[in-house]
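Structure at a glance
This is what each chain is made of:
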Amino acid sequence: MRLVKPDFTDIPEGADATDLEKQGIEPKLEKSSNGMIGLEELMSRSSGTHQFTIDPILPKNGITVLAGTEGSGKSLLCSQIALSIVLGHKFLDFEMGGKRKVMIFNFELADEEYGRRIKLQYMKMMENATGDASLFHYKTYDGGAFSERWQSIENYCRLPDSKNAVVIIDNMYTSTEKNLSDNNELRPVLKNIREISDEFGICFILVGHHNKNSQPEPININHIQGGKQLTMNADSVIQIAANVNDEAVKCLKWTKSRYSGSSLHNKPLKLTLDDNLVYTRRGIIKSELSYFTNMTQKLELQALKMYVDQCVPEDGVFQAHDFTTYAAQNPTFNNISLTTAKRWLKRLHEWNILQKLSHGKYKVKHDNLLDWEDQE
């Protein structure tokens, strides 16, 4: 609120407050126009609910980053998302927010390969679908990677029937000539994408990559190329990584959301890929590190499995000394020393396969040990 100065042009010189009163002139308060709202109005908005394209991992509009390791199946995941939206098919058991137009802009694969993959997915998913396949739209950009394509993409978003569409960019790094590893070049690209999203109600899915990591470790949002500048500007982040022991098994983790407090946030979900290239959700992974460690090279895992089968009672409780002695005396493991066997025990505990009950006493986490098995 601010005071508005009265107009005194018609008041004779020397007039006092009484004269102003006779003229009916009073200071007036002008209503605020600075765009801010009060406490009551803010609280009144708490009853609203946010809408989702896929509840709760994919907002109705805004920017979602879908990133993963090389060969993790990001493109397959995107085409399954696209078909789920247009066909009204649940995506990994998540609820759908309604059918919408989907536009895929492909910079990765030849049309023949993309067509082969999505045909297999479509044949599987259409069995339980009630949607409209005509909502699906696809374009491959030729002319080489790292050409500037965002003016063309924006033109498609401006089409009358593209309002509130889902737009998948596979992948974001090759959609522009800008170096997206440089924050100064990344920032204007994200600003432009946000403006398109806000103006046309677009839900963008930007496919990204993970940085190469020499050491196996659980999925982390900091793995994504582009760093914090990219993930801070995203409304949602979904990450996927391959299981090094089985290419048909993936780990998916939803690592950021601005709109939901779902219990699945930051939980590693096990996905399996069938012959139709459709992912199925199998539950929460108990020992995530197992998915990124080559178990065929881990003698300590083999030792524990043999020890559990031969020596451990049903309750899974055993003494540390008994295990280390068993491992050291078993010729299968190259006559290792007790010191090495103790290191094995420590690693198994770090990998969340063993629970330490007290000094020298452990319990096998059987469900977690199954995550290291070569089975669904």
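Residues numbered from 1 in each chain as written. Predicted model: local features only at pLDDT ≥ 70, side-chain atom pairs only at ≥ 80, totals over all residues. Heavy atoms only, no water.

Let us now look at the sheet that holds strand β15 (residues 317-319). The sheet built from three strands is open, its strands ordered β15-β17-β16 with antiparallel pairing. Where the open sheet ends on each side, the last strands, each with one partner, are β15 and β16 (354-358). Adjacent strand axes in the sheet meet at a mean angle of 35 degrees when their direction is disregarded. As paired strands, β15 and strand β17 (residues 361-364) are joined by three bridges and run antiparallel to one another. Its bridge partner being in β17, F318 is matched across the sheet by Y362. (Pairing = 2+ DSSP bridges. Helix = DSSP H or I, 4+ residues; strand = E, 2+ residues; numbered from the N terminus. Axes fitted to C-alpha atoms, helices over the stretch in contact; angles between N-to-C directions.)

Attention shifts here to helix α8 (residues 299-311). With 13 residues, α8 should reach 18 Å at 1.5 Å per residue; the first-to-last C-alpha distance of 17 Å fits that figure. Packing partners of the buried residues in α8 comprise β15, α9 (320-329), α10 (338-350), β16, β17 and α11 (366-370). (Expected span 1.5 Å × (residues − 1). Contact = heavy atoms within 4.5 Å.)

Here we take up the pairing of strand β13 (residues 269-273). Each regular strand carries side chains that alternate between the two faces of the sheet. The buried count for β13 comes to four of five residues, which makes it a mostly enclosed element. Pairing geometry for strand β12 (residues 246-257) and β13, over four bridges, is antiparallel. Paired with V249 across the bridge in β13 is T272. Sheet topology note: the β13/strand β14 (residues 279-284) ladder contains five bridges and is antiparallel. Pairing of K270 across the sheet is with G283, part of β14. What sits between the antiparallel neighbours β13 and β14 is a turn of five residues, in which L277 has the positive phi angle 65 degrees. (Buried < 20%, exposed > 50% of the residue type's maximum accessible area, 1.4 Å probe, protein only.)

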